[in-house]
Amino acid sequence: MPKNFVPQDRYLKKAKELGYRARSVFKLAEIQDKFKILKPGMDVLDFGAAPGSWLQYAVKIVGPKAELIGLDLQSIEHIAGNIKIFVADIFSPEAESLIQKNHPALFPVILSDLAPATSGAKEVDHLKSIELNERVVSLAEKFLAPHGNLVLKIFQGGDFDGFVKNLKSRFSRVAVFKPKASRDRSFEVYIIARK
Ligand SMILES: C[S@@+](CC[C@H](N)C(=O)[O-])C[C@H]1O[C@@H](n2cnc3c(N)ncnc32)[C@H](O)[C@@H]1O
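Residues numbered from 1 in each chain as written. Predicted model: local features only at pLDDT ≥ 70, side-chain atom pairs only at ≥ 80, totals over all residues. Heavy atoms only, no water.

Describing the layout of surface pockets
For step 1, the next point in the chain: Considered as a void within the structure, the largest pocket measures approximately 690 Å³ in volume.
For step 2, the next point in the chain: Taken together, 37 residues make up the lining of the largest pocket; nearest its centre are Asp113, Leu114, Ala115, Pro116 and Ala117.
For step 3, the next point in the chain: Breaking the lining of the largest pocket down by element, the ones donating at least two residues are α3 (53-62), β2 (68-72), α5 (122-143) and β5 (144-155).
For step 4, the next point in the chain: A breakdown of the residues in the lining of the largest pocket according to their chemical character gives 18 nonpolar, eight polar and 11 charged. (1 Å grid on protein atoms, 1.4 Å probe; cavity = no way out; pocket = protein on both sides within 12 Å on 5 of 7 lines; lining within 4 Å. Points joined across faces, edges and corners; volume = space filled by probe spheres on them. Helix = DSSP H or I, 4+ residues; strand = E, 2+ residues; numbered from the N terminus. Nonpolar A, V, L, I, M, F, W, Y, C, P; charged D, E, K, R; others polar.)

Laid out in structure tokens, this is it:
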């Protein structure tokens, strides 16, 4: 075992100890530490929110007055706070109208930890991830407030540079970030973009 080996599953253990539903919470925590995207009172839209650890974390920062909306293909168990949860496919027109009806104002923060069902074939999974992210970017163009922050999870691959280049033409600041809590062998990275 290499000297500096850090067992990644300590994140899962720690998440459970702290009452979070997934180890992904630490990735958002690192993004928050570095980019300070969440502030008290900010409404949050969370795509790919199941099982709910990002919502659990975000509600602690934005507080009880802010509204949070979580959307996923999977159902999400109740989370205490001002949180609405919807089961929908982000590609469906229904997802868009649910957001519009339930939160007519624009969001200062949109989060996406969306991940496709993985096939194990890196390029195939990358292309599915690009598709999800293109949909999120087009939803963000409708629902993200000026100067708002968008967080995207993306599986790297051949179209990654083109995707980032395109994002840079539409957003003012685009940063690529690999949290320590993201498994070393995983080809996922996060993008933090400011409108
Ligand atoms: C890594 S998990 C999200 C974990 C979450 N951030 C948390 O902390 O609990 C990725 C999620 O994306 C969802 N997802 C994938 N494709 C989707 C789609 N087309 N529409 C909505 N959700 C989708 C999956 O159902 C899965 O729950």
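Anyway, onward from the coordinates.
Description of the UniProt feature "domain: Ribosomal RNA methyltransferase FtsJ" (unreviewed entry) in the chain
For step 1, the next point in the chain: UniProt's feature table lists "domain: Ribosomal RNA methyltransferase FtsJ" (unreviewed entry) at residues 20-194, given in the numbering used throughout.
For step 2, the next point in the chain: Helix and strand shares over residues 20-194 are 37% and 25% respectively, and the end C-alpha atoms of the span are 27 Å apart. (UniProt positions renumbered as here; feature names shortened; annotations may be inferred.)

Considerations on the pattern of salt bridges
For step 1, the next point in the chain: Counted by the stated rule, this structure contains eight salt bridges.
For step 2, the next point in the chain: For lysine 153, the salt bridge goes to aspartate 113, with nearest N and O atoms at 2.9 Å. Note that lysine 153 is positioned in strand β5 and aspartate 113 in the loop between β4 (107-112) and α5, a separation of 40 residues in sequence.
For step 3, the next point in the chain: What makes lysine 153 buried here is its relative accessible area of 6%.
For step 4, the next point in the chain: Since its relative accessible area comes to 12%, aspartate 113 is described here as buried.
For step 5, the next point in the chain: Connected through salt bridges with shared partners, the residues Lys27, Asp113, Lys153 and Glu188 form a single ionic network. (Salt bridge = Lys/Arg side-chain N within 4 Å of Asp/Glu carboxyl O. Buried < 20%, exposed > 50% of the residue type's maximum accessible area, 1.4 Å probe, protein only.)

Here we look at the sheet that holds strand β7 (residues 188-194)
For step 1, the next point in the chain: Within the open sheet, the seven strands sit side by side as β3-β2-β1-β4-β5-β7-β6. Their pairing is mixed. Only two strands of the sheet have a single partner each, and these edge strands are β3 (83-87) and β6 (173-177). Shown here is a sheet whose adjacent strand axes are inclined to one another by a mean of 15°, direction ignored.
For step 2, the next point in the chain: In the sheet, β4 pairs with β5 via four bridges, with the strands oriented parallel. Bridge assignment links valine 109 to a residue of β5, and that residue is asparagine 149.
For step 3, the next point in the chain: Across the face of the sheet, helix α6 (residues 160-170) comes into contact with β5, β6 and β7 while running at roughly 10° to β7. (Pairing = 2+ DSSP bridges. Axes fitted to C-alpha atoms, helices over the stretch in contact; angles between N-to-C directions. Contact = heavy atoms within 4.5 Å.)

Looking at unusual backbone geometry
For step 1, the next point in the chain: Note the cis peptide between alanine 50 and proline 51, where omega equals 0°.
For step 2, the next point in the chain: Backbone geometry places lysine 36, a non-glycine residue, at a positive phi of 50°.
For step 3, the next point in the chain: Structurally, lysine 36 is set in the loop between α2 (25-35) and β1 (44-47).
For step 4, the next point in the chain: Even without glycine at this site, histidine 147 takes up a positive phi of about 70°.
For step 5, the next point in the chain: As for its placement among the helices and strands, histidine 147 is situated in strand β5.
For step 6, the next point in the chain: Relative accessible area serves as the criterion here: at 58%, histidine 147 is assigned to the exposed category.

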